[in-house]
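Coordinates in review
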Amino acid sequence: MQFTDLGLKAELLRAISEQGYDTPTPIQQKAIPAVMAGHDLMASAQTGTGKTAGFTLPILHRLASGPNTRTSKRPRVLVLVPTRELAIQVEVSVSTYGKHLPINSVAVFGGVGINPQIAALRRGVDILVATPGRLLDHVQQRTVDLSGIEILVLDEADRMLDMGFIRDIRKLIALLPKQRQNLMFSATFSPDIRELASGLLTNPVSVDVAARNTAAETVTQRVIETNREQKKDLLLHLFETRGWNQVLIFARTKHGADALSKHLDKAGIKSAALHGNKSQGARTRALADFKDGKLVALVATDIAARGIDIDSLPYVINYEIPNISEDYVHRIGRTGRAGMEGEAISLVGHDERGFMRDIERLIKRQIEREVVEGFEPSAIAPPRPVQPQRGARKPSAPSKSAGQKTTQNRGGPQQHRSGTRHH
Ligand code: AMP
């Protein structure tokens, strides 16, 4: 199937071909016709599947097709997203695909001044991309009027719930006209997500492009077992021996990300840390430098990494293993995007083996173990257990070994992954 088979307006096809795309991804093949036909949509899709264009293109098509019902400066489409990075990314997609149409868009998100956003909203906007908290600020200040919304999109709904936005989302939905089209995208399907969906969607078309919680097929996953104390040196060794040039590294904490970035810099590997304490300007700069190749490594926390949009990110390194297994799926979703090959390497200390087994249960796959000469894990676990970065944890029963050749499994207490998020 080609984009030209979908019946999209010529202005959209032109913008698509200017991006160099001719074949819609699986989610686009299913979502675009459903949304064009006016159906509600429930899509199970991770980042990297092409989901953004999957809703952006048919929405632009619909806005441009019917009579222009916009009688005032009220927005007609609302896209709610969890983070400012994703807000920017989605708005860039809307502008890119809509560049030959007389449709405009604005992104509003927290952490930056509100006045330029107020000015932009006052000028009039068709498609509003927003994080829930900042949008509610605008509602309270009466600088936005949501009574003209025809289409609502909840993008990365699971993330929004994880980040505690549910009440804000419900408040916002209550302000929208009852008669509207609703689209919901989520990588995972918890009972909370199902409940939100059942209250929101009417006879939705379901699109499920990848098996739920299954990591992309194009990503080679590997575990390197080592000791926690050796990880820094092991990482440098890998940089030296494997010729890495563009690597996204995940750390568990902001402090850890800063420390690791400094360590890499000292060793001559240009890097920056990306986390919630960095200003918007610093984040944008770091990302641009990384994309341009001025930085070899970006050390990010899970939440800060959301919305990083790089077409061909070849390597993701889990310097520390997330205690929330879904985060692993999100992390490795940063590579192997849109069919490109990618490699995700996890450096696993004794105290993280339990997390790794939880992850393998979630993705229903056993990940190949590797030991690097000179960085072998010690036979007996060091006494210091890892401190979870988020949420209260209770010890749980040790989980069953997932085919490990080694028997040294005497790390700290196993941890539940039922934590709440702090950000
Ligand atoms: P998303 O899942 O929306 O974050 O998109 C993942 C990446 O795939 C983005 O960098 C898009 O620019 C790219 N992309 C989207 N649609 C296509 C397509 N049909 N062909 C190739 N790349 C695409």
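Conventions and cut-offs
- Residues numbered from 1 in each chain as written.
- Predicted model: local features only at pLDDT ≥ 70, side-chain atom pairs only at ≥ 80, totals over all residues.
- Heavy atoms only, no water.
- Axes fitted to C-alpha atoms, helices over the stretch in contact; angles between N-to-C directions.
- Helix = DSSP H or I, 4+ residues; strand = E, 2+ residues; numbered from the N terminus.
- Parallel < 35°, antiparallel > 145°, perpendicular 65-115°, else oblique.
- Left-handed = near helix turned anticlockwise from the far one by under 90°.
- Contact = heavy atoms within 4.5 Å.
- Nonpolar A, V, L, I, M, F, W, Y, C, P; charged D, E, K, R; others polar.
- Buried < 20%, exposed > 50% of the residue type's maximum accessible area, 1.4 Å probe, protein only.
- Arc of directions from axis to C-beta.
- Core = buried A, V, L, I, M, F, W, Y, C linked by side-chain atoms within 4.5 Å.
- Pairing = 2+ DSSP bridges.
- Phe/Tyr/Trp six-rings, centres within 6.5 Å; stacked < 30°, edge-to-face > 60°.
- Lys NZ or Arg CZ within 6 Å of the ring centre and 35° of its normal.
- pLDDT = per-residue confidence, 0-100.

Quick word on the packing of helix α6 (residues 132-140) against helix α8 (residues 166-174)
One can describe the packing of α6 onto α8 by two numbers: an axis separation of 9 Å at closest approach and a directional angle of 45°. Taken together, the axis directions place α6 and α8 in an arrangement best described as oblique. Note that α6 runs across α8; the crossing there is left-handed. Listed contacts from α8 to P132, G133, L135, L136 and V139 of α6 are D168, I169, K171 and L172. Residues of the contact of α6 with α8, tallied by class, amount to six nonpolar, one polar and two charged.

Regarding α8
Spacing of three or four residues puts side chains on the same side of an α-helix, whose turn is 3.6 residues. Among the residues of α8, those classed as buried are D168, I169, L172 and I173. Taken end-on, α8 shows its buried residues confined to a sector of 135°, consistent with a single buried face. α8 presents R167 and A174 as exposed residues on the side facing more than 90 degrees away from its buried surface. Each element contacted by the buried residues of α8 is listed here: β2 (77-80), α6, β5 (151-154), α7 (157-162) and α9 (191-200).

Some details on the nonpolar core
Counting 39 residues, the largest nonpolar core has L8, L41, L57, I59, V79, I127 and L183 as the members making the most contacts within it. By size, the runner-up hydrophobic cluster in this structure holds 34 residues, among which are L80, L161, F165 and A197.

Describing the sheet that holds β5
Taken together, the seven strands give an open sheet; going across it, the order is β3-β4-β2-β5-β6-β1-β7, and neighbouring strands pair in parallel fashion. Looking at the sheet topology across the chains shown, the edges are occupied by β3 (105-108) and β7 (205-208). Each strand axis lies, on average, 10° off the axis of its neighbour in the sheet, ignoring direction. Sheet analysis places strand β1 (residues 41-44) next to β7, joined by four bridges and oriented parallel. Counted as the bridge partner of M42 is S206 from β7.

A few points about α9
All of the buried residues along α9 are I193, L196, A197 and L200. Within α9, the buried residues cover an arc of 100° as seen down the axis, which keeps them to one side. Turned more than 90 degrees away from the buried face of α9, the exposed residues are P191, S198 and G199.

Regarding the sheet that holds strand β13 (residues 342-348)
By definition, the strands of a sheet pair up through backbone hydrogen bonds, in either a parallel or an antiparallel sense. One open sheet accounts for seven strands, arranged β10-β11-β9-β12-β13-β8-β14; its pairing is parallel. Of all strands in the sheet, those bounded by a partner on one side alone are β10 (271-274) and β14 (368-370). With strand direction ignored, the average angle separating the axes of adjacent strands in the sheet is 25°. One ladder, built from four bridges, connects strand β9 (residues 247-250) with strand β12 (residues 315-318); its direction is parallel. From the neighbouring strand, I249 faces β12, where its bridge partner is I317. On the sheet, helix α12 (residues 280-291) packs against β9, β10 and β11 (297-300) and is oriented at approximately 145° with respect to β11.

Here's the deal with the packing of aromatic side chains
Enumeration over the complete set of coordinates arrives at three aromatic pairs. With centroids separated by 5.1 Å and ring planes inclined at 50°, the aromatic side chains of F55 and F185 adopt a geometry described as tilted. One end of the pair, F55, is in helix α3 (residues 51-65); the other, F185, is in strand β6 (residues 181-186), and 130 residues separate them in sequence. The exposure class of F55 is buried, given its relative accessible area of 1%. When the centroid spacing of 5.3 Å and the interplanar angle of 80° are considered together, the rings of F239 and W244 count as edge-to-face. Residue class for W244 comes out buried when judged on its relative accessible area of 7%. Cluster of aromatic residues (ring-pair linked, three or more members): F239, W244 and Y315. Positioned above the aromatic ring of Y319 is the side chain of K231, whose terminal nitrogen or guanidinium carbon lies 5.8 Å from the ring centre.

Overview of the packing of helix α10 (residues 231-242) against helix α11 (residues 254-266)
It is at 11 Å that the axes of α10 and α11 come closest, and there the two elements cross at 45°. Considering the angle they form, α10 stands oblique to α11. As for the relative orientation of α10 and α11, their crossing is right-handed in sense. Residue-level inspection shows K232, D233, L235, L236 and F239 of α10 in contact with α11, the latter providing L260, H263 and L264.

Focus on the confidence of the model for the protein chain
Summary statistics for the protein chain give a mean pLDDT of 84 and a share of 84% for residues scoring 70 or more. Segment residues 390-423: pLDDT under 50, and 82 contacts once partners within four positions in sequence are set aside and those in other chains are kept.

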